[in-house]
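# Structural overview
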Amino acid sequence: MIKFPTPLRHPFCLLALTVVCAYMIVPSRAEAMELTRNGAPRATIIVAQSVLGSAKDDASAQKVSFAAHDLQDYIRKISGATLPIVGDKSTFTGNAILVGKSALTEQLQSAIPSGLTSQRKEEGFLIDAKNGRLVLAGNDAGPYHGTEYAVYDFLNRLGVRWFMPGEYGEYVPSQKSIDFADITVRKKPDFIQRNWWNTTTPEMAAQERRWKIRNKMNPDQMFASASDNSFSVYYVSPNVAKTEPDLFAQNFNGSINTGYPNLSNPKSVEITAEKLKEFFRTHPETNSTAVAPNDGYPRDFTPASAVRNQGFVDTYGREGVPGEVSTTEEWFVWINAVAANVAEEFPDRVISTNGYANRSVPPFGVTIAPNLGIMYAAIWSDTLHAYDDPKSWQMRRQAESLQRWCQLSNRVWLYGYDYSMLVSGLTPLPTTRKLARDMPLLKKWGLIGFLDETRNIWAERGIMTKYVKARLEWNANDNVDALLTDYYAHWYGAAAKPSRAFWDALEKAAESTPVLGHEDRILPYVYTPHLMQQLATHLAEAEKIALLPREKEHVKIDRLIYEHLKAYVAMNNAEFAGNFAEAAHQAQKMLAVRPQLHAINSFLIMPSERLANGAPDPNSGAFYWGISDRLDYYNQLANKLSGK
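Because the structure is predicted, anything quoted here is derived from the model rather than measured.

Each helix and strand counted, the protein chain has 19 helices and 20 strands in total. For 644 residues, the compact-globule estimate of 2.2 N^0.38 gives 26 Å, and the protein chain sits close to it at 28 Å. In terms of principal-axis extent, the alpha carbons of the protein chain reach across some 90 × 70 × 45 Å. Counting all 644 residues of the protein chain, 57% fall into the buried class. A separation threshold of at least 6 residues defines the contact pool for the protein chain, and within that pool the share at least 24 residues apart is 73%. Element-wise, carbon and sulfur atoms account for 54% of the exposed surface of the protein chain, whose accessible area totals about 26400 Å². Taken as two groups, the 68 positive and 69 negative side-chain charges of the protein chain have centres that lie 4 Å from each other.

Counting 162 residues, the largest nonpolar core has Leu71, Ile97, Val99, Phe154 and Leu155 as its most contacted members. It is helix α17 (residues 549-576) that provides the largest number of residues to this core, a total of eleven residues. The next biggest cluster of nonpolar side chains, apart from the first, holds 16 residues, and it includes Tyr356, Tyr417, Tyr419 and Ile448.

This brings us to the sheet that holds strand β2 (residues 40-41). With antiparallel pairing, the three strands of this open sheet are ordered in space as β2-β1-β10. Looking at the sheet topology across the chains shown, the edges are occupied by β2 and β10 (178-180).

By the secondary structure assignment, His145 is in the loop between β7 (133-138) and α5 (146-157). A polar contact is formed between the side chain of His145 and the side chain of Glu148, at a distance of 2.6 Å.

Counted according to the given criterion, the structure contains 42 salt bridges. The salt bridge partner of Arg209 is Asp220, with a shortest N-O separation of 3.1 Å. Of this pair, Arg209 sits in helix α6 (residues 202-214) while Asp220 sits in the loop between α6 and β13 (248-250); the two residues are eleven residues apart in sequence, bridging distant segments of the chain. Overall, Arg209 belongs to the partly exposed group, its relative accessible area being 34%. With relative accessibility at 23%, the residue Asp220 sits in the partly exposed group. Several salt bridges converge on common partners, so that one network encompasses Glu274, Lys277, Glu278, Arg281 and Glu345.

Let us now look at the environment of Tyr525. Looking at where Tyr525 falls in the secondary structure, it is placed in the loop between α15 (496-512) and α16 (529-545). Classification of Tyr525 as exposed rests on a relative accessible area of 52%. Residues Tyr525 and Arg210, 315 residues apart in the sequence, show an inter-C-alpha distance of 38 Å. Those residues in contact with Tyr525 that sit more than four places away from it in its chain are Val515 and Phe576.

For the pair α5 and α6, interaxial distance at closest approach is 8 Å and the crossing angle is 75 degrees. Overall, the two elements α5 and α6 adopt an arrangement that is roughly perpendicular. Contacts between α5 and α6 involve Glu148, Tyr149 and Tyr152 from the former and Arg210, Ile213 and Arg214 from the latter. Looking at the contact of α5 with α6 residue by residue, the classes come out as three nonpolar, no polar and three charged.

Let us now look at the packing of aromatic side chains. Evaluation of the coordinates by the stated rule reveals 38 aromatic pairs. Centroid distance Phe163 to Tyr487: 5.0 Å. Interplanar angle 80 degrees. Geometry classified as edge-to-face. Of the two residues, Phe163 is situated in the loop between β8 (161-162) and β9 (170-171) and Tyr487 in helix α14 (residues 480-492); the sequence distance between them amounts to 324 residues. Accessibility assignment for this pair places Phe163 and Tyr487 in one class, buried. For the ring pair Tyr387 and Trp445, a centre distance of 5.6 Å and an interplane angle of 65 degrees mean the geometry is edge-to-face.

With phi around 55 degrees, Asn38 is a residue other than glycine that occupies positive phi space. With respect to the element layout, Asn38 can be found in the loop between β1 (33-37) and β2. The phi torsion at Gln109 lies on the positive side, around 55 degrees, for a residue other than glycine. Tracing the backbone shows Gln109 in the loop between α4 (103-108) and β6 (125-130). Assessed through its relative accessible area of 69%, Gln109 is described here as exposed.

Calculation rules
- Residues numbered from 1 in each chain as written.
- Predicted model: local features only at pLDDT ≥ 70, side-chain atom pairs only at ≥ 80, totals over all residues.
- Heavy atoms only, no water.
- Helix = DSSP H or I, 4+ residues; strand = E, 2+ residues; numbered from the N terminus.
- Rg over C-alpha atoms; globule rule 2.2 N^0.38 Å.
- Buried < 20%, exposed > 50% of the residue type's maximum accessible area, 1.4 Å probe, protein only.
- Contact = heavy atoms within 4.5 Å.
- Areas by Shrake-Rupley, 256 points an atom, 1.4 Å probe, with all protein chains shown as cover.
- Lys, Arg positive; Asp, Glu negative; His and termini not counted.
- Charge placed at Lys NZ, Arg CZ, Asp CG, Glu CD.
- Core = buried A, V, L, I, M, F, W, Y, C linked by side-chain atoms within 4.5 Å.
- Pairing = 2+ DSSP bridges.
- Polar contact = N/O pair within 3.5 Å; in protein donor to acceptor, adjacent residues only side chain to side chain.
- Salt bridge = Lys/Arg side-chain N within 4 Å of Asp/Glu carboxyl O.
- Axes fitted to C-alpha atoms, helices over the stretch in contact; angles between N-to-C directions.
- Parallel < 35°, antiparallel > 145°, perpendicular 65-115°, else oblique.
- Nonpolar A, V, L, I, M, F, W, Y, C, P; charged D, E, K, R; others polar.
- Phe/Tyr/Trp six-rings, centres within 6.5 Å; stacked < 30°, edge-to-face > 60°.

Here you go:
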């Protein structure tokens, strides 16, 4: 076992030091720690001995192993030097990088974050460099990735960047000699939950997962999220409605809704709570589960349930329409009772539900149970403006709702619709300015994080938007201007200035428009002729001054995004003019650009919206009314007008 020396307080210690120096880590010099010199290694990566063995059944060891090998790989990419990886029982001399917890970090008494409770507040990492050793370690328990975060934060300090998934999206500086000055950094995230999900290929999903961890997102579940109809998992079979109809909700016409409980029947509470408790008994390692009704606007019209309703119309509801009234009060009285019942046996487990659809308005006169988690969603809301933007009543309304939810519960997270537009032609709309305004507000209000629904189409939001969002989910007050300056310099090189102007012009147009919406029917009023001329000017300048092949290719990406957008604008103009043949022609031009972007990098856009058999491609991001659908429709209209 290698042991570190105690502080030298006595001359006799010098003699002892000379005897044991071969069995301990000795600093190579008093100043900055030397990791490589002229392409040769000057340090050793040390991990716990167990990490070197077969750790397939030890998730924490797997995380440390991945972190250590990624550190080795990137140091080699930077300097050409391969630092050896050894276990903490090995003998060696020179500087040491201690990756993850080991016997050596214990001897150093490094205060590495640790622990795992149902509250999920123990995440964090430590970077500690002094006396010729560098500790890169963090909490790796359960869903945490602390050691990986420590390694990636360290590499970021050396200049490595991961702007998009895969090797294509990274930037690695070249530096034969690497020194690292003494420093102590302890970090934990501003938001507990930091993730988004999408539909993509297995290969792309794996690359995206690693990209998330490298940018300190967390792709693993912190709390169970309430998916639509998860209620049915914890309730009785609909067949029971024949014998016990009082267990189920009544529809407005008096019929039975077997997909929703009778919210005023104590037995419905008991049945659901017992099934939840059975789940926790069967899964003792799980900190949470979730209960939510079907999507849409379900409501229980049983008289004893309906009397709890306050009569407030839902955000997008209409006065006098019974099915469009907010049902938050009666739902949360019921789910509170379920949660209280579960807490009698499992006081530290969390029951998640959702503030969504006709349950998005915060309840009045109802105290939220302490073991409930709330997933808030607002699919109806404007996607272009910040929460505090006076031009957007929708975002200000959502802000008021979120603040109130966070006052009622200390466990509220946002299920965001992280698109430029829910219905979209996949045209570019970056929103880094919106993020810079929103994220500090969300932290201030007490939101605990995000599980967003998004598309794996990086040409749509812009590479910088996803990158900035990941960084702000860890540190809500990160300097966005500095992040962008760094991004443009490393991604575009000599063409950084006009390329930034290109994307800034798009962002200013989105931010300044008074038009509100979340479907691309509003975009013809955003993509004005003036904007299109600005984009063309900036793009031409970038193409003129880009120097290196890498810079030229990144500017080429913007050129293809612009040509795709140009065809989109022309398609809309032709549609508005009733020239459906021309609209179809422009739609076809859009679809022809996509394989070119995809060929550069698969994350930019998918090559087609349809599979070979003509069925929709679920990975394409065209969930509703895609360009292929529009092409078919325009051709149909053109054929009708032409007499075909």
